[in-house]
Amino acid sequence: MAGHSKWSQIKRAKGATDVARGKLFTKIGREITVAVKLGGADPVGNSRLALAIKKAKEANMPNDNIARSIKNASGVDKNNYEVIFYEGYGVGGVAVMVKCLTDNKNRTAGDVRHAFEKYGGNLGVSGAVGFVFEEIDYEFLPTYTTPLDPDKEKIFEKFLDMLDNNDDVQDVWHNAE
């Protein structure tokens, strides 16, 4: 039977999984790089690095990749990643905070703005939705939630997927119910 090769099915599934893992490892590697540059290469004295390493291990990132990210951030890596937060309102008035690590602010701002506009939201200025969230251990938890009807919920999920597919986007917090 032509077209029913078991290997081609495995290859297709493995390829998709490998791409997703690669994106995740890239994001975690950037997070490790920023943590090292801000607090040093010793996870004992750098809680942000310890948290990034824990996140890497939970994602089954190989130890070699973790060590390489730390080594590169200690002096070899020429990329200067910046942590930037974007705030705005998604479809249905949902408050959204987006944490990015980027070496090109203009590219990232354009990409994030495009995602907001494509799915019926508005990118706001710094502090536009910060009051909705409470920061606890590098996480932002909403102080209240906003309900979405099923149609807007589907649009909002597509918006979140678009942000998640952007390599510069590290975390997204929202107050959607």
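See the structure above.
Residues numbered from 1 in each chain as written. Predicted model: local features only at pLDDT ≥ 70, side-chain atom pairs only at ≥ 80, totals over all residues. Heavy atoms only, no water.

Q: What's the story with the pairing of strand β4 (residues 133–136) in this structure? I'm lost.
A: Within a regular strand, side chains alternate between the sheet's two faces. Taken together, the four bridges between β4 and strand β5 (residues 139–142) define a ladder with antiparallel strand orientation. Looking across to β5, one finds that F133 is bridged to P142. Between β4 and the antiparallel strand that follows it, β5, lie two residues; D137 among them carries a positive phi value of about 50°. (Pairing = 2+ DSSP bridges. Helix = DSSP H or I, 4+ residues; strand = E, 2+ residues; numbered from the N terminus.)

Q: For this particular structure, what's the right way to read the environment of R48?
A: Secondary-structure assignment places R48 in helix α2 (residues 47–58). In this structure, the C-alpha to C-alpha distance between R48 and D164, residues 116 residues apart in sequence, is 22 Å. Excluding residues that lie within four positions of it along the chain, R48 makes contacts with V34, A35, L38, V83, K99 and Y138. (Contact = heavy atoms within 4.5 Å.)

Q: Would you explain the pairing of strand β1 (residues 82–89) in this entry?
A: In terms of strand pairing, β1 meets strand β2 (residues 95–102) through eight bridges, oriented antiparallel. Bridge pairing links Y89 to A95 in β2. The hairpin formed by β1 and β2 contains five residues between the paired strands, and G92 there has a positive phi angle of roughly 75°. Here β1 runs beside strand β3 (residues 122–123); their pairing, made up of two bridges, is antiparallel. If you follow Y89 over to β3, its bridge partner there is N122.

Q: I'm lost on the sheet that holds strand β6 (residues 169–174) in this one. Help?
A: Backbone hydrogen bonds hold the strands of a sheet together, and the pairing may be parallel or antiparallel. On the basis of which strands lie adjacent, the open sheet formed by four strands has the order β3-β1-β2-β6 and antiparallel pairing. The open sheet has two edge strands with one neighbour each: β3 and β6. Sheet contacts for helix α5 (residues 150–164): β2 and β6; angle to β6, the most-contacted strand, approximately 155°. (Axes fitted to C-alpha atoms, helices over the stretch in contact; angles between N-to-C directions.)

Q: Can you walk me through helix α4 (residues 105–118) in this structure?
A: Structural remark: α-helix, 3.6 residues per turn; residues separated by three or four positions point the same way. In this model α4 runs 20 Å from its N-terminal to its C-terminal C-alpha over 14 residues, within 8% of the 20 Å that 1.5 Å per residue would give. All buried positions along α4 are accounted for by T108, A109, V112, A115 and F116. Looking straight down α4, one finds that the buried residues subtend no more than 130° of arc, so they occupy a single side. Facing away from the buried surface of α4 by more than 90 degrees, the exposed residues are N106, E117 and K118. Close packing links the buried residues of α4 with β1, β2, β3, α5 and β6. For α4, the side-chain oxygen to backbone nitrogen distance between the N-cap and N106 is 3.2 Å, and the N-cap itself is N104. (Expected span 1.5 Å × (residues − 1). Buried < 20%, exposed > 50% of the residue type's maximum accessible area, 1.4 Å probe, protein only. Arc of directions from axis to C-beta. Polar contact = N/O pair within 3.5 Å; in protein donor to acceptor, adjacent residues only side chain to side chain.)

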